[in-house]
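Chain and residue survey
For reference, the chains in residue letters:
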Amino acid sequence: MNQKNIRVRFAPSPTGPLHIGGVRTALYNYLFARKHGGKLILRIEDTDQNRYVEGAEKYIIQSFEWCGIRFDEDVVKGGPYGPYRQSERKDIYRSYAEQLVTSGKAYYAFDTEEELNAMRERLNKSEAHLSQYGPHTRSSMKNSLTLPAEDVQRMLSSGEPFVIRIRMPEDETIVVNDLIRGEVVVQSSNLDDKVLFKSDGWPTYHLANIVDDHLMEITHVIRGEEWLPSAPLHVFLYQCFGWQDTMPQFAHLPLLLKPDGNGKLSKRDGDRLGFPVFPLQWRDPKSEEISSGYRESGYLPEAFINMLAFLGWNPGTEQELFTMDELISEFSLERVGKHGSKFDPEKARWFNHQYFAKYTTEELADLMLPFLETKGIAISRDYIVKVAGLIRERITLLPDLWQQSWFFFDAPATYDETVIKKVWNPAALIHELVSKFAVEASGLTTWDAEGIHDFIQDFISRHGAKMGQLMTPLRLLVVGSNQGPGMMDIAAVLGKEEFLRRVNAGLLVMMK
RNA sequence: GGCCAGUUCGUCUAACGGUUAGGACGCCAGGUUUUCAUCCUGGUAAUAGGAGUUCGAUUCUCCUACUGGCUACCA
């Protein structure tokens, strides 16, 4: 294959927010395209007006912007094969469907919903090895195969509702050559006469998809496994149109499964298990219901992508942390697994933690700025960088940046009761020790971590105290609990004045 | 029910006929940090079952079981 001409597409339907399974499919398409120097196309498949959801298309585009998946051709920037929204391509599909009718590969059908239901009833009662609307049933239905030609003409010209169905051959072997699964062989007798063109004047997915992939010169169709059952139909359609020589190669990706129990990962699982299922937060325009997103939960886009890439693919080495560029150079469809992956929210958190650990203090400071601004805290960047250095290893999600550092910017308003009980004991002794410390420390001149350390060392030996008897009570007064970085480091960053101010204020509270 | 696909530690997976079946997450234990978290070290734990093929099967074939997907004028 000529690698220069590789063209792949991601073709979502704007029926709601894109969930992480869809993002992963897009990611694999993106990696494949970049790896081979090809193009990635975003095509919006909005052929079902009933399911159209306001804002979904915008959501999809913003999601990809956030996670760094870039398209070469899409609805925003356009491209040589546009338009990229199927609703804007509506005119082109009918003639293709009719071309198939003319060549005898498809036919008009006029059955009403009731008639279709009646047929299915009959099928249910029979031995049921037969497909639905297919070779064995079409002869007893109302269509251009059974009706006299003049009746068909009359019905068509009088505006009678009709659909166009593919005419599946009775017994033919259809082979789908899948890049991930190998040869998938299906007998056409198991397939039915799928509707290609609906009575509302719109094409179904099957028709629009094949026509557009052909027109857009798509070379590889990389999509979810839920499409595998209809892949034989798609292959057959390429043959019907005479496009078999330029038919794209197929790769059906395994699905993302629920973390617990069984089944495909769904919107509900996020609410139920407490992790996001969507890249960005989504507010349903009708129900106003809010679904959480990875971005809003504090995940880094690089970590999110890294985590997603590893759900179904692996490089075959022990490296787990990959930049997008590394993913591009290492990715291959051969290393994509065949079976579904249960999504693991814990591992997602671990990836995010790893990325925070790699950040420089300067980068962390940049991330902290918005939080501090929200809280109305204005302080020197130098100070923020110092704080970032102390909390760097303690961050898993973005909000931890504040949760792990707030006491550098504000004195504690309360003290953890359980920690008081444990640490301020015996109360009189500790109180006296800390009081003496506060007095003596006020005379200390070299206020850095090392100086404070030496001083404390000297202090406890002179007073016959143990390190823990002083340090944990100090932490309680300065931080409000038993958390945070090393006490000497906190004291140094806070500065002598603020540090002692908190200690003395705390001593007053502890007296009560 | 029918069709298609899949099945290695609890989870994500490696091993493309020969390994003490490897790594990561989680969990457990110890160490560091006299806090908490991180981090470090160690441990726990798997080839769904049964037949073949083969000197030898996680790996190839078949059967069974289980899992998943699809079975709309939705994508």
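Look up a bit, the structure's there.
Throughout what follows, the structure given in this document is the object of discussion. The residue numbering used here restarts from 1 in each chain and proceeds along that chain's sequence as written. Both sets of labels track the order of writing: A upward for chains, 1 upward for ligands. Residues qualify for local features only when their pLDDT is at least 70, as the model is predicted, and side-chain atom pairs are given and counted only at 80 or more; totals for whole chains, interfaces and linings, by contrast, use all residues. For the side-chain quantities, the full set of heavy atoms in the structure was used; hydrogens and water were omitted.

1. Points about the sheet that holds strand β3 (residues 106–109)
Convention followed: Strands are labelled as partners when DSSP assigns at least two bridges between them. Here a helix means four or more residues in a row that DSSP labels H or I, a strand means two or more in a row labelled E, and each is numbered from the N terminus. Here an angle of 0 to 180 degrees is reported between the N-to-C directions of two axes, which are lines fitted to C-alpha atoms, with helices fitted over the stretch in contact.
With antiparallel pairing, the three strands of this open sheet are ordered in space as β3-β4-β7. In this open sheet, the two edge strands, each paired with only one partner strand, are β3 and β7 (195–197). For this sheet, the mean angle separating the axes of adjacent strands, direction not counted, is 45°. In terms of strand pairing, strand β4 (residues 163–166) meets β7 through two bridges, oriented antiparallel. Bridge pairing in β7 links Arg165 to Val195.

2. Details of unusual backbone geometry
The omega torsion of the bond from Gly82 to Pro83 falls at -5°, within 30 degrees of zero and hence cis. Topologically, Pro83 is positioned in the loop between α2 (56–67) and α3 (90–102). Of note, the bond from Asn425 into Pro426 is cis; its omega dihedral lies within 30 degrees of zero at 0°. By the element assignment, Pro426 lies in the loop between α16 (417–423) and α17 (427–441). Its identity is not glycine, yet Glu288 carries a phi of approximately 65°, on the positive side. When you line up the elements, Glu288 lands in the loop between β11 (282–283) and β12 (290–291).

3. Comments concerning the layout of surface pockets
Quick note on the threshold: Definitions used for this entry: grid spacing 1 Å over protein atoms alone; cavity, a set of points where a 1.4 Å probe fits but cannot get out; pocket, an open set with protein on both sides within 12 Å along at least 5 of 7 lines; lining residue, one with an atom within 4 Å of a point. Grid points are joined across faces, edges and corners, and a volume is the space filled by probe spheres set on the points. Gly is put with the polar residues, along with every residue not named as nonpolar or charged; the nonpolar set is Ala, Val, Leu, Ile, Met, Phe, Trp, Tyr, Cys and Pro, and the charged set is Asp, Glu, Lys and Arg.
Of the pockets and cavities examined, the largest pocket occupies roughly 1100 Å³. Taken together, 39 residues make up the lining of the largest pocket; nearest its centre are Pro12, Ser13, Thr15, Glu226 and Trp227. Broken down by element, the residue count for the lining of the largest pocket peaks at four residues, all from helix α1 (residues 20–35). Along the lines of polarity and charge, the residues of the lining of the largest pocket split into 15 nonpolar, 14 polar and ten charged.

4. Focus: α17
The following threshold applies: Given the number of residues in a helix, its expected span is that number minus one, multiplied by 1.5 Å. Note on exposure labels: buried denotes an accessible area under 20% of the residue type's maximum, exposed denotes more than 50%, and partly exposed covers the range between, all computed with a 1.4 Å probe on protein chains only. Note that the arc is defined by the directions from the helix axis to the C-beta atoms.
If you check α17, its first and last C-alpha atoms are 21 Å apart, about what 15 residues at 1.5 Å a residue would give, namely 21 Å. Listing the buried residues of α17 in full gives Ile430, His431, Leu433, Val434, Phe437, Ala438 and Ala441. Along α17, the residues classed as buried sweep out an arc of 165° about the axis, all on the same side. α17 presents Ala428 and Val439 as exposed residues on the side facing more than 90 degrees away from its buried surface.

5. Topic: the packing of α3 against helix α6 (residues 205–215)
For any two helices packed against each other, one specifies the crossing angle of their axes together with the interaxial distance. Selection rule: With respect to orientation, any angle under 35 degrees is reported as roughly parallel, any angle over 145 as roughly antiparallel, any angle of 65 to 115 as roughly perpendicular, and every other angle as oblique. Residues are treated as being in contact if the distance between any of their heavy atoms lies within 4.5 Å.
The N-to-C vectors of α3 and α6 enclose an angle of 105°; their axes lie 10 Å apart at closest approach. Viewed along their axes, α3 and α6 adopt a mutual orientation that is roughly perpendicular. In this structure, α3 contributes Ile92, Tyr93, Tyr96 and Ala97 to the contact, and α6 contributes Leu207, Ala208, Val211, Asp212 and Leu215. Split into classes, the residues belonging to the contact of α3 with α6 amount to eight nonpolar, no polar and one charged.

6. Comments concerning the protein's contact with RNA strand B
Keep this limit in mind: Throughout, near means a residue has at least one heavy atom within 4 Å of the molecule or strand. What qualifies as a polar contact is a pair of N or O atoms within 3.5 Å, subject to a donor-acceptor requirement within protein and to the restriction that residues adjacent in sequence count only when both atoms come from side chains.
Taken together, 60 residues lie near RNA strand B, and Lys198, Asn262, Arg394, Met467 and Asn482 sit nearest. For RNA strand B, the backbone portion of the atoms within 4 Å of the protein, that is sugar and phosphate, comes to 74%. Within the side chain of Gln483, an N or O atom sits 3.3 Å from a sugar or linking oxygen of RNA strand B. The separation between a base nitrogen of RNA strand B and a polar main-chain atom of Gly484 is 2.7 Å. Looking at the surface near RNA strand B, the elements that each hand over two or more residues are α4 (113–125), β4, β6 (182–187), β13 (341–342), α12 (345–358) and α19 (467–479). Of the residues contributing to the surface near RNA strand B, the split by class is 16 nonpolar, 21 polar and 23 charged.

7. Structural notes on the packing of aromatic side chains
The line we're drawing: For this analysis, a ring pair means two rings from Phe, Tyr or Trp (six-membered ring only for Trp) whose centres lie within 6.5 Å, classed as stacked if their planes differ by under 30 degrees, edge-to-face if by over 60, and tilted for the remaining angles. Working rule: Lys NZ or Arg CZ, within 6 Å of ring centre, within 35 degrees of ring normal, means a charge sits over the ring.
Evaluation of the coordinates by the stated rule reveals 30 aromatic pairs. Members of the aromatic cluster, connected to one another through ring pairs, are Tyr28, Phe310, Trp313, Phe322, Phe331, Trp350 and Phe351. Taking NZ or CZ as reference, Arg7 lies 3.8 Å from the ring centre of Tyr81, over its face. Sitting over the ring of Tyr133, Arg165 keeps its end group 3.8 Å from the ring centre.

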